[in-house]
Amino acid sequence: ITVRELADILKVPPNQVMAELLKRGILATINQTIPAEVAVSIAEGMGFLAEIKSVEEKIDQEEEEEPSENLQPRPPVVVVMGHVDHGKTTLLDAVRKTNVAEREKGGITQHIGASVVELPDGRKITFLDTPGHEAFISLRARGAQVTDIAVLVVAADDGVMPQTVEAINHARAFNVPIIVAVNKIDKPGADPQRVRRELSELGLIPEEWGGDTIFVDVSAKTGQNIDQLLEYILLLADLLELKADPTKRAKGTIIESKLDKQKGVVATVLVQEGTLYVGDIFVAGTTYGRVRAMTDDKGRRLKSAGPSTPVEVLGFEDLPMAGDTFKVVPDEKTARQIAEARRLQKEQLEKVSRGLALEEVFKKIQEGELKELKLIVKTDTVGSLEAIKKSLSDIHSQEVAIRIIHGDVGGITENDIMLAKASSAIVIGFNTRPDVKAKEAAEREKVDVRLYSIIYELIDDVKKALKGMLKPVE
Ligand code: GDP
């Protein structure tokens, strides 16, 4: 803040502020910037209540105070998940084929990381292009909440497989509702009822059996029932009452980014709130820029993009990262200030460990930051997994709930690490270890991985951490 700005806020002549500064041994001119702490002390000296607020906090607050009077339904953002070879890619292709907009308006599909499917009646669904939970998880690991609905693809000739279970756990960990697409029903060996039975055991009970999960039998290959699947997605979207205010300044998430030889930095923004216009000035992660041009997933130039629209944006100063938040700000000075503040904060954060270590759990709970100890448990056998689950559920603590967000048999994978990072969980391996990629990821993301070969020791460690957290009995 400058001397003049402070004087304006305090409604006093600038020389009074300068005089106060002199008392503190600071000789400043009217346009000089003074430290925030000093400004606060002067304001308080004059009987004001003052607090230091970052430019970003100020903007966010202004926005919050602005009422959302124009909430309107927005298209759902959908991710397709499931076991390898169950037909995720084929399903996405089949879905795109139903695209009226593309056929009628002569667009050519561009890979920008997400695509919009438009039904004949004009309703739209946005699909993230990368199938599988990798995209979902890596976005989520960076704190971005982009998906509204997960379509779980399960091949009817194969049934529930390990990655099916993993996908369910990931979607659940982030409270993303699931629609099941029972795929490959054209195949001779297809048994859609078996898929229903197996998923029921995992808590996904079909509506026709009295549960609340939508199951649709489809063939991604022949296109059978794909239209029905889209209808159900929209039905669920209606139930979720997805809304956004298109009149606000745009906010969103970076879905993809790359350095193009000709175009420079190119990034796909999924607009989530407000409308993005060409010419808008924005902050994205630790970089900023001005929207020079926007193209949609059909290669068409756009002047504006509303909620749930993915657009490729040109005009970034630097490369943002997938998962970075994107938001439009009033002017370039603000954009630069916010980006700079975030860069500094990031540097500081990188110096301290970001992941959650078991020992830290205690502190976090005491500070009221953590009410739940989330665990990802990987074991060598189903038997040991069950035994560990049972023993953990026997631990009772009044203040902290233990929640196993993902339990499975097998080695610790990079996906486990990313899930742990995304949900502040601790990874526990019993007679199993992380593979090379998982080890690298754990180090990079600072995720606590604990390996045990004796159940008693595992349980004891968890107990110790929890007991330490319990307040002494009075
Ligand atoms: P992904 O690994 O989940 O993305 O699976 P893909 O989409 O690559 O599909 C794996 C294989 O299953 C491919 O050979 C597809 O042609 C085939 N496939 C996918 N959907 C169907 C389907 O509905 N019916 C039949 N018969 N084959 C399918």
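Right above here is the structure, for reference.
A brief structural summary. (Residues numbered from 1 in each chain as written. Predicted model: local features only at pLDDT ≥ 70, side-chain atom pairs only at ≥ 80, totals over all residues. Heavy atoms only, no water.)

**Side note on the overall build of the protein**
Convention followed: Numbering goes from the N terminus for both helices and strands, where a helix is a DSSP run of H or I of at least four residues and a strand is a run of E of at least two. Here the term buried applies to any residue with accessible area under 20% of the maximum for its type, exposed to any over 50%, and partly exposed to those in between, with areas from a 1.4 Å probe on protein chains only. The contact definition used throughout considers only heavy atoms, calling two residues in contact when any of these lie within 4.5 Å. In this description, accessible areas are obtained by the Shrake-Rupley approach with a 1.4 Å probe, and a residue is regarded as covered only by the protein chains that are shown.
On a plain count of helices and strands, the protein comes out with 16 helices and 21 strands. Sorting the 474 residues of the protein into buried and exposed places 48% on the buried side. The long-range fraction of contacts in the protein, counting pairs at least 24 apart against all pairs at least 6 apart in sequence, stands at 71%. When the accessible area of the protein is evaluated, it comes to approximately 23600 Å², of which 50% is carbon and sulfur surface.

**Brief notes about the site of the ligand**
Condition: The rule for a residue being near a molecule or strand is that one of its heavy atoms must lie within 4 Å of it. We call two N or O atoms a polar contact when they sit within 3.5 Å, provided that within protein one can donate a hydrogen and the other can accept it, with sequence-adjacent residues counted only if both atoms are side-chain atoms. In the scheme used here, Gly and all other residues not listed as nonpolar or charged are polar, with Ala, Val, Leu, Ile, Met, Phe, Trp, Tyr, Cys and Pro taken as nonpolar and Asp, Glu, Lys and Arg as charged.
Close contacts around the ligand come from 15 residues, with Asp 85, Lys 88, Thr 89, Thr 90 and Asp 186 the closest. A distance of 3.0 Å separates an oxygen atom of the ligand from a polar backbone atom of Gly 87. Between the ligand and the protein, one listed contact pairs an oxygen atom with a backbone N or O atom of Lys 88 at 2.8 Å. Isolated, the ligand exposes 580 Å² of accessible area, and the fraction of that covered by the protein chains is 75%. Across the shell around the ligand, the residue classes break down as 2 nonpolar, 7 polar and 6 charged.

**A word on the sheet that holds strand β4 (residues 124-128)**
Rules: For two strands to pair, DSSP has to find at least two bridges joining them. Each axis is a line fitted through C-alpha atoms, and for a helix only the stretch in contact is used; angles between axes span 0 to 180 degrees, taken between their N-to-C directions.
As summarised here, the arrangement of the 6 strands in space is β3-β4-β2-β5-β6-β7, forming an open sheet in which the pairing is mixed. One side of each edge strand has no neighbouring strand; the edge strands of this open sheet are β3 (114-118) and β7 (214-217). Geometrically, the sheet is characterised by an average inter-axis angle of 30° between neighbouring strands, direction not taken into account. Judged from the 5 bridges that link them, strand β2 (residues 77-82) and strand β5 (residues 149-155) form a sheet pairing that is parallel. Bridge assignment links Val 80 to a residue of β5, and that residue is Val 151.

**Observations regarding helix α3 (residues 36-45)**
Looking only at α3, the buried set comprises Val 38, Ala 39, Val 40, Ile 42 and Ala 43. Where α3 ends, the next residue or the one after it, Gly 47, has phi of about 85°, a positive value.

**Things to note about the packing of helix α5 (residues 88-97) against helix α10 (residues 226-240)**
Here is the rule: By definition in this entry, angles of less than 35 degrees are roughly parallel, angles greater than 145 are roughly antiparallel, angles of 65 to 115 are roughly perpendicular, and the rest are oblique.
The geometry of α5 relative to α10 is characterised by a closest axis approach of 10 Å and an angle of 85° between their N-to-C directions. With respect to α10, the axis of α5 lies roughly perpendicular. On α10, the residues touching Leu 91, Ala 94 and Val 95 of α5 are Ile 226, Leu 229 and Leu 230. Tallied by class, residues from the contact of α5 with α10 come to 6 nonpolar, no polar and no charged.

**Some points on the packing of aromatic side chains**
Aromatic ring pairs are described here by two measures, namely the spacing of the ring centres and the angle between the planes. Our working rule: Pairing of aromatic rings covers Phe, Tyr and Trp, the last counted by its six-membered ring, and requires centre-to-centre distances within 6.5 Å; plane angles under 30 degrees mean stacked, over 60 mean edge-to-face, and any other angle means tilted.
Going through the model one piece at a time under the given rule, you end up with 3 aromatic pairs. For the ring pair Phe 316 and Phe 326, a centre distance of 6.4 Å and an interplane angle of 55° mean the geometry is tilted. Taken together, the residues Phe 316 in strand β16 (residues 310-316) and Phe 326 in strand β17 (residues 325-329) connect sequence positions 10 residues apart. Here Phe 316 matches Phe 326 in class, with each residue buried.

**Comments concerning unusual backbone geometry**
In this structure, Ser 424 is a non-glycine residue whose phi angle is positive, near 50°. Among the structural elements, Ser 424 can be located in the loop between α14 (414-423) and β20 (426-430). Residue classification places Ser 424 among the partly exposed positions, given a relative accessible area of 40%. Of note, the phi angle at Lys 446 is positive, near 55°, even though the residue is not glycine. Tracing the chain through its elements places Lys 446 in the loop between α15 (436-445) and β21 (449-452).

**Some points on the pattern of salt bridges**
The following threshold applies: Note on definitions: salt bridges are taken to be side-chain nitrogens of Lys or Arg within 4 Å of carboxyl oxygens of Asp or Glu.
Counted according to the given criterion, the structure contains 25 salt bridges. A salt bridge links Asp 121 to Arg 123; the nearest nitrogen and oxygen atoms lie 2.8 Å apart. Among the ionic pairs, Glu 414 bridges to Arg 444, the shortest N-O distance being 3.6 Å. Residue Glu 414 is located in helix α14, and its partner Arg 444 is located in helix α15; the two are separated by 30 residues in the primary sequence. What makes Arg 444 partly exposed here is its relative accessible area of 43%. Residues joined in a network through salt bridges with shared partners are Glu 414, Lys 421, Lys 437, Arg 444 and Glu 445.

**Comments concerning the sheet that holds β20**
The 4 strands lie next to each other as β19-β18-β20-β21, forming an open sheet whose pairing is parallel. Both outer strands of the open sheet, β19 (401-409) and β21, are each paired with one neighbouring strand and no more. Averaged over all pairs of adjacent strands, the angle between their axes in this sheet comes to 25°, without regard to strand direction.

**Overview of the pairing of β16**
With respect to burial, β16 is a largely interior element, 7 of its 7 residues being buried. Of the pairings in the sheet, the one linking strand β10 (residues 264-273) to β16 comprises 5 bridges and is antiparallel in character. The residue bridging Ala 267 from the neighbouring strand is Val 313, located in β16.

**A few points about helix α13 (residues 382-394)**
Each α-helix turn comprises 3.6 residues. Residues three or four places apart therefore point the same way. The criterion, for reference: Expected span, for any helix, means 1.5 Å times one less than how many residues it has. Starting at the helix axis, one direction is taken to each C-beta atom, and the arc is that of these directions.
The end-to-end C-alpha distance of α13, which contains 13 residues, comes to 18 Å, matching closely the 18 Å that a straight helix rising 1.5 Å per residue would cover. By the burial criterion, the buried members of α13 are Ser 384, Leu 385, Ile 388 and Leu 392. The arc that holds every buried residue of α13, seen down its axis, measures 105°, which confines them to one face. Residues of α13 that are exposed and angled more than 90 degrees away from the buried face: Val 382 and Lys 390.

**What to know about the environment of Asp 238**
Here Asp 238 shows up in helix α10. Separated by 195 residues in sequence, Asp 238 and Ala 43 place their C-alpha atoms 50 Å apart.

**Brief notes about the side chain of Asp 416**
In this fold, Asp 416 is placed in helix α14. You can call Asp 416 buried: its relative accessible area is 0%. Not counting chain neighbours up to four residues away, the residues in contact with Asp 416 comprise Glu 166, Ile 376, Lys 378, His 406, Gly 411 and Val 427.

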